[in-house]
Amino acid sequence: MSIATQRGLLSREQAAEYLSISLRSFTRIVASESIPRRRIGCIVRYAVRDLDNYIDSLPNSPGPKPGKRGEE
């Protein structure tokens, strides 16, 4: 485990994996400024707390209605 990971800072790839999304989707979310970046010189990292805040800001989606599976 790297020092950055111990401090709650993740690379772009690690952050995408943390959110269980593709790197491409993560890049789009960051471009929309929904998740802030942390710059350390020329290195960009993402704070775990910012990723958690992003998850918490997402609307809850209701699950499928019982008995409706497979019906059209």
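In what follows, the structure referred to is the one given above.
Here goes a summary of the coordinates provided. No experiment lies behind these values; they were computed from the predicted model shown. (Residues numbered from 1 in each chain as written. Predicted model: local features only at pLDDT ≥ 70, side-chain atom pairs only at ≥ 80, totals over all residues. Heavy atoms only, no water.)

We now examine the side chain of Asp50. Position of Asp50 relative to the elements: it lies in helix α4 (residues 48-57). For Asp50, a relative accessible area of 10% puts it in the buried group. One polar contact links Asp50 to Arg38, side chain to side chain, over a distance of 2.6 Å. If we skip the residues at most four places from it in the chain, Asp50 touches Pro36 and Arg38. (Helix = DSSP H or I, 4+ residues; strand = E, 2+ residues; numbered from the N terminus. Buried < 20%, exposed > 50% of the residue type's maximum accessible area, 1.4 Å probe, protein only. Polar contact = N/O pair within 3.5 Å; in protein donor to acceptor, adjacent residues only side chain to side chain. Contact = heavy atoms within 4.5 Å.)

Not every positive phi belongs to a glycine, and Ser20 is a case in point at roughly 60°. With respect to the helices and strands, the residue Ser20 is situated in the loop between α2 (12-18) and α3 (23-31). Residue class for Ser20 comes out exposed when judged on its relative accessible area of 67%. Despite not being glycine, Glu33 shows a phi value in the positive range, around 65°. Looking at where Glu33 falls in the secondary structure, it is placed in the loop between α3 and β2 (38-40). For Glu33, a relative accessible area of 70% corresponds to the exposed category.

On to the packing of aromatic side chains, then. Summed over all chains, the structure comprises 1 aromatic pair. Ring centres 5.0 Å apart and planes at 85° place the aromatic pair Phe26 and Tyr46 in the edge-to-face group. Here Phe26, found in helix α3, pairs with Tyr46, found in strand β3 (residues 43-47); they are 20 residues apart in sequence, far enough to count as distant. The burial state of Phe26 is the same as that of Tyr46; both residues are buried. (Phe/Tyr/Trp six-rings, centres within 6.5 Å; stacked < 30°, edge-to-face > 60°.)

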